[in-house]
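Structure assessment
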Amino acid sequence: MNMTDFFSVTDKVAIVTGGLGQLGSQFTKQLAGAGAKVAIFARRERSEAEIEEQFPGLSGQVRVFKADVRDKDSIEAATAELEKVWGVPHILINNAGIDSKPDGDADQNAPFEVYPKKYWDDVIETNLTGCMLMSQVVGAKMADAGRGSIIMVGSMYGMVSPNQSLYAYREERDGKPFVKAISYAASKSGLLNMTRYLATYWAKKGVRVNLVTFGGVKTGSFDKEFIDAFLERVPMGRQAELEEFGPIVQFLGSDASSYMTGANLVLDGGFTAW
């Protein structure tokens, strides 16, 4: 096998949860562009025309299956449908997730003492329980097949606590307390040990489980005040481009990472190094 073959995902079957979002669509493009068949699990089905519009030239390798990561029955139904079309997946990217944004409602970013439980429940159920259910259903099939790679999508806030000073401008500007909520950090830190647990649990069944910890990515959806304060704390002095996050999932889904499991790969421009 030559070096290029080690990184090949040609004809492999991948599931990307949340594969129509900004980050998930980049993973989809990366894998489909490299020859994989990509099944996007999303809460709404898409027509072939919609898929072609979002993934030009790749619609033959991309399909959308209706599934809610919080609902095990829907995951099982979508996985069974996928198996009929392409077989047991080789790659699972647990990407679907939600968060309160720096420019979101203050109620979602209330001080910890009065943070509404409903927001905690929403985030934990999607970001953590959803990954557990997807891994439970799809990972079991991978283990039966004797191969597979599960990739958890984490965040630097799963390694370090949010720096609340990055958000201080909101209270000064809006006159209301604004605190980066606990739920997102708790959900992403939970993925760190879920990764280790499943990596050791399935190691002898040929299923590898790894976590990718991402830092800030350029999306144009954040306030300038937040970006300026954030970049002062990033050694590389910039946000990541979306295209920089795609190759790592191809690496983890390929034979190039065949001896890697239970690992946390950090791509954050050095944010957590300080």
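Below, the structure is looked at part by part. (Residues numbered from 1 in each chain as written. Predicted model: local features only at pLDDT ≥ 70, side-chain atom pairs only at ≥ 80, totals over all residues. Heavy atoms only, no water.)

1. Points about the environment of A203
Mapped onto the fold, A203 is located in the loop between α7 (182–201) and β6 (207–214). Sequence separation between A203 and I150 is 53 residues; the distance between their C-alpha atoms is 12 Å. (Helix = DSSP H or I, 4+ residues; strand = E, 2+ residues; numbered from the N terminus.)

2. Brief notes about a nonpolar patch on the surface
Taken together, the side chains of F112, W120 and I182 make up a nonpolar region of the molecular surface, amounting to roughly 300 Å² of accessible area. Looking at the secondary structure, you find W120 in helix α5 (residues 117–145). Given a relative accessible area of 31%, W120 falls into the partly exposed group. (Patch = residues over 30% accessible without salt bridge, like charges linked within 9 Å, V, L, I, M, F, W, Y side chains within 5 Å. Areas by Shrake-Rupley, 256 points an atom, 1.4 Å probe, with all protein chains shown as cover. Salt bridge = Lys/Arg side-chain N within 4 Å of Asp/Glu carboxyl O. Buried < 20%, exposed > 50% of the residue type's maximum accessible area, 1.4 Å probe, protein only.)

3. With respect to the packing of helix α2 (residues 22–33) against helix α9 (residues 246–253)
Running from amino to carboxyl end, α2 crosses α9 at an angle of 55 degrees, the nearest separation of the two axes being 8 Å. Comparing their axes, α9 and α2 come out oblique. Considering only the axes of α2 and α9, their crossing is right-handed. Residues Q26, F27, Q30 and L31 of α2 lie in contact with α9, whose contacting residues are G246, P247, V249 and Q250. Among the residues making up the contact of α2 with α9, the classes are represented as four nonpolar, four polar and no charged. (Axes fitted to C-alpha atoms, helices over the stretch in contact; angles between N-to-C directions. Parallel < 35°, antiparallel > 145°, perpendicular 65-115°, else oblique. Left-handed = near helix turned anticlockwise from the far one by under 90°. Contact = heavy atoms within 4.5 Å. Nonpolar A, V, L, I, M, F, W, Y, C, P; charged D, E, K, R; others polar.)

4. Things to note about α2
Compared with the 16 Å implied by 1.5 Å per residue over 12 residues, the 16 Å span of α2 between its first and last C-alpha is a close match. All buried positions along α2 are accounted for by G24, S25, Q26, F27, T28, L31 and A32. Looking one or two residues past α2, G35 carries a phi angle of roughly 105 degrees, positive in sign. (Expected span 1.5 Å × (residues − 1).)

5. Observations concerning unusual backbone geometry
Located in the positive-phi region is D11, a residue other than glycine, with phi close to 70 degrees. For D11, the position within the fold is in the loop between α1 (3–6) and β1 (13–17).

6. Notes on the side chain of S135
Summarising the element assignment, S135 is placed in helix α5. A polar side-chain atom of S135 sits 2.8 Å from the main-chain carbonyl oxygen of C131. Setting aside anything within four residues of it in sequence, one finds S135 in contact with L92, N94, A140, I150, M152, L198 and W202. (Polar contact = N/O pair within 3.5 Å; in protein donor to acceptor, adjacent residues only side chain to side chain.)

7. What about the packing of helix α4 (residues 72–86) against α5?
Interhelical geometry of α4 versus α5 gives an angle of 30 degrees and a closest axis separation of 9 Å. Every pair of crossing elements has a handedness; the one defined by α4 and α5 is right-handed. Residue-level inspection shows K72, I75, E76, T79 and E83 of α4 in contact with α5, the latter providing L133, M134, Q136, V137, V138 and K141. A class-by-class count of the residues in the contact of α4 with α5 yields five nonpolar, two polar and four charged.

8. Remarks on the packing of aromatic side chains
All chains considered together, the criterion is met by 12 aromatic pairs. When the ring of Y201 is compared with that of W202, the centres are 5.7 Å apart and the planes differ by 65 degrees; the resulting orientation is edge-to-face. A connected cluster of aromatic rings, assembled from ring pairs, spans Y167, F178, F222, F226, F230 and F271. (Phe/Tyr/Trp six-rings, centres within 6.5 Å; stacked < 30°, edge-to-face > 60°.)

Purely spatial values, then, with no claim about function.
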